[in-house]
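Coordinate inspection notes
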Amino acid sequence: MTRGFFEGFVSGVIDCRETDSKKKSDPLLIKQITADYYDKFGNNFVNVLFPLLIAMNFESYEDAVKEMNAKHFSNDTSAKLLIRFACGKRSLYESMMEEYKLQMYSLLSGKIQPVSEHLANWRDGDEMEEYDTDHAIRSTVRALMHGYSLGIKSAGTGKESLHQATVFRMMIDGMHSLLHEKAFNVYEDSDKIGLDGIFQRVCITPANYETLVNEMNQAYEDLARAEGIKSSDDNNEK
């Protein structure tokens, strides 16, 4: 989810600021965007990750609110404390902050972190609790899509539409990093299997694929309703 937010947010800004697809991966462009929006990453990160973490770590949103009230949280509560609370466990918070720093380092180096680097940095010795796959897929999709929409909004160029090609690329990256232990060429034989085949490849199972498509479509609807953001393509469903 952390990597997904950064890929989504920066991709949203890039789509609004650069029309030439060949220049969208230009290291200088990514460095400039990172510098221009450096002070916006933190609050937007909290806006995206906070509700997803609450859903992961609390029985209900109401339970989380009760605990926040008991701890005297207010509008002045820092973003750092909000994320620490939503993580529940200190170990999860520390892992997330470490990943946050890695993502920022990658952007300052001029690139959105490739999936291969993300998986290579994964620590085999880390103790991770098992998490429901369907929920994990939905949370990853939301992190990507909401990060992307906030990037579009933050760009402030007046363009408020989702680029379908970008969304598909992000979803493929998201499932690649979430469901696989090692990176591989997901686009191998793409001319033969097509886009649908690539999605099925990274999703591994038909059930995962169905969950991804359903959540993508739901996210489109939610963003169109809440943010007024629509697809720039005629057909906005996979």
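This is a predicted model, so every value here is computed, not measured. (Residues numbered from 1 in each chain as written. Predicted model: local features only at pLDDT ≥ 70, side-chain atom pairs only at ≥ 80, totals over all residues. Heavy atoms only, no water.)

1. Focus on the confidence of the model for the protein
In the predicted model, the protein carries a mean pLDDT of 89, and the fraction of residues at 70 or more is 92%. Helix 10 (residues 190-203) holds the highest mean pLDDT among the elements of the protein, 96, whereas strand 2 (residues 230-231) holds the lowest, 64. In the model, residues 234-238 has pLDDT below 50 throughout and makes 15 contacts with residues more than four positions away in sequence or in other chains. (pLDDT = per-residue confidence, 0-100. Helix = DSSP H or I, 4+ residues; strand = E, 2+ residues; numbered from the N terminus. Contact = heavy atoms within 4.5 Å.)

2. Some points on unusual backbone geometry
A negative phi angle characterises most non-glycine residues, just as the trans form characterises most peptide bonds. In this structure, His72 takes a positive phi of about 60° despite not being glycine. Here His72 lies in the loop between helix 4 (61-70) and helix 5 (79-87).

3. Some points on a negative patch on the surface
On the surface, a cluster of negative charge is contributed by Glu59, Glu62, Asp63 and Glu67. Within the fold, Asp63 resides in helix 4. (Patch = residues over 30% accessible without salt bridge, like charges linked within 9 Å, V, L, I, M, F, W, Y side chains within 5 Å. Areas by Shrake-Rupley, 256 points an atom, 1.4 Å probe, with all protein chains shown as cover. Salt bridge = Lys/Arg side-chain N within 4 Å of Asp/Glu carboxyl O. Lys, Arg positive; Asp, Glu negative; His and termini not counted. Charge placed at Lys NZ, Arg CZ, Asp CG, Glu CD.)

4. Some remarks on the pattern of salt bridges
Counting across every chain of the model gives eight salt bridges. One salt bridge connects Glu7 with Arg169, and the closest N-O pair in it is separated by 2.7 Å. With Glu7 in helix 1 (residues 2-17) and Arg169 in helix 9 (residues 164-179), the pair connects residues that are 162 residues apart, well separated along the chain. For the salt bridge of Asp15 with Lys24, the shortest nitrogen-to-oxygen distance reads 2.8 Å. You'll find Asp15 and Lys24 in the same group, each marked buried. (Buried < 20%, exposed > 50% of the residue type's maximum accessible area, 1.4 Å probe, protein only.)

5. Quick look at the environment of Phe6
By the secondary structure assignment, Phe6 is in helix 1. Along the backbone, Phe6 and Gly147 are 141 residues apart, and their C-alpha atoms lie at a distance of 6.9 Å. When near neighbours in sequence (up to four residues on either side) are disregarded, Phe6 contacts Phe41, Phe45, Tyr100, Gln103, Met104 and Leu107.

6. Thoughts on the layout of surface pockets
A volume near 330 Å³ is recorded for the second largest pocket. Taken together, 17 residues make up the lining of the second largest pocket; nearest its centre are Ser11, Lys24, Ser25, Ile112 and Arg169. In terms of residues, the lining of the second largest pocket owes the most to one element, helix 1, which gives five residues. Class assignment for the residues of the lining of the second largest pocket results in five nonpolar, five polar and seven charged. (1 Å grid on protein atoms, 1.4 Å probe; cavity = no way out; pocket = protein on both sides within 12 Å on 5 of 7 lines; lining within 4 Å. Points joined across faces, edges and corners; volume = space filled by probe spheres on them. Nonpolar A, V, L, I, M, F, W, Y, C, P; charged D, E, K, R; others polar.)

7. Some thoughts on the packing of helix 1 against helix 9
One way to put it is that helix 1 packs onto helix 9 with a least axis distance of 11 Å and a crossing angle of 165°. One element, helix 1, and the other, helix 9, form an angle in the roughly antiparallel class. As helix 1 runs across helix 9, the sense of the crossing is right-handed. Of the residues in helix 9, those in contact with Arg3, Glu7, Gly8, Ser11 and Asp15 of helix 1 are Thr166, Arg169, Met170 and Asp173. Along the lines of polarity and charge, the residues of the contact of helix 1 with helix 9 split into one nonpolar, three polar and five charged. (Axes fitted to C-alpha atoms, helices over the stretch in contact; angles between N-to-C directions. Parallel < 35°, antiparallel > 145°, perpendicular 65-115°, else oblique. Left-handed = near helix turned anticlockwise from the far one by under 90°.)

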